[in-house]
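# Structural characterization, general
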Amino acid sequence: ATSNQINALVSSMAANADVLVIDTMACLSSSDAARLVPYVDEVFLVTTAKPPNMRNVAAAIDVLTLASAASIKFIVTKGSRGEEAGRHSSGARHG
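Residues numbered from 1 in each chain as written. Predicted model: local features only at pLDDT ≥ 70, side-chain atom pairs only at ≥ 80, totals over all residues. Heavy atoms only, no water.

With 6 bridges connecting them, strand β2 (residues 42-48) and strand β3 (residues 72-77) associate as parallel partners. The residue of β3 that forms the bridge with Thr47 is Val76. The β-α-β motif built from β2, the intervening helix α3 (residues 54-66) and the parallel element β3 has right-handed crossover chirality. (Pairing = 2+ DSSP bridges. Helix = DSSP H or I, 4+ residues; strand = E, 2+ residues; numbered from the N terminus. Right-handed = clockwise from strand over helix to strand, strands pointing away.)

Once that is clear, we can look at the environment of Ala14. Structurally, the position occupied by Ala14 is in helix α1 (residues 3-15). Since its relative accessible area comes to 6%, Ala14 is described here as buried. Put simply, Ala14 and Val40 are 26 residues apart on the chain and 10.0 Å apart in space, counted from C-alpha to C-alpha. (Buried < 20%, exposed > 50% of the residue type's maximum accessible area, 1.4 Å probe, protein only.)

Take the environment of Thr77 next. With respect to the helices and strands, the residue Thr77 is situated in strand β3. A relative accessible area of 24% means that Thr77 is categorised as partly exposed. Spatially, the C-alpha atoms of Thr77 and Thr48 are 4.9 Å apart, while their sequence positions differ by 29 residues. Residues within four places of Thr77 in sequence aside, it is in contact with Val46, Thr47, Thr48 and Ala49. (Contact = heavy atoms within 4.5 Å.)

Residues Val43 and Leu64 are the most contacted members of the largest nonpolar core, which totals 19 residues. Of all the secondary structure elements, the ones that give two or more residues to this core are α1, β1 (19-23), α2 (32-36), β2 and α3. (Core = buried A, V, L, I, M, F, W, Y, C linked by side-chain atoms within 4.5 Å.)

For the rest of this paragraph, the subject is α1. Taking 1.5 Å of rise per residue, the 13 residues of α1 would be expected to cover 18 Å, and the 18 Å separating its terminal C-alpha atoms lies within 8% of that figure. Among all positions of α1, only Ile6, Val10 and Ala14 are buried. Along the long axis of α1, the arc covered by the buried residues comes to 55°, so they all point the same way. With respect to the buried face of α1, the exposed residues turned more than 90 degrees away are Asn4 and Ala15. (Expected span 1.5 Å × (residues − 1). Arc of directions from axis to C-beta.)

Have a look at this one:
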């Protein structure tokens, strides 16, 4: 899809919702998350809390930062309190 088509689709959906959540594939496996960064108000990196995954978290942050994500928030799953890591991303747009 072209940038104009993506913008029209996201704008149309956001006009009919208070919050629009766009869930994408892992940003290291697909360019979808990076391509959608300009169209969202917030970026969330959904991650597991396993230490071997920290290299992927750093790489995902780099990908999203290069795509001009203003800030990246984290949602940590499947972990114990105090653990951190990364693998998946989502964007949210407030209508």
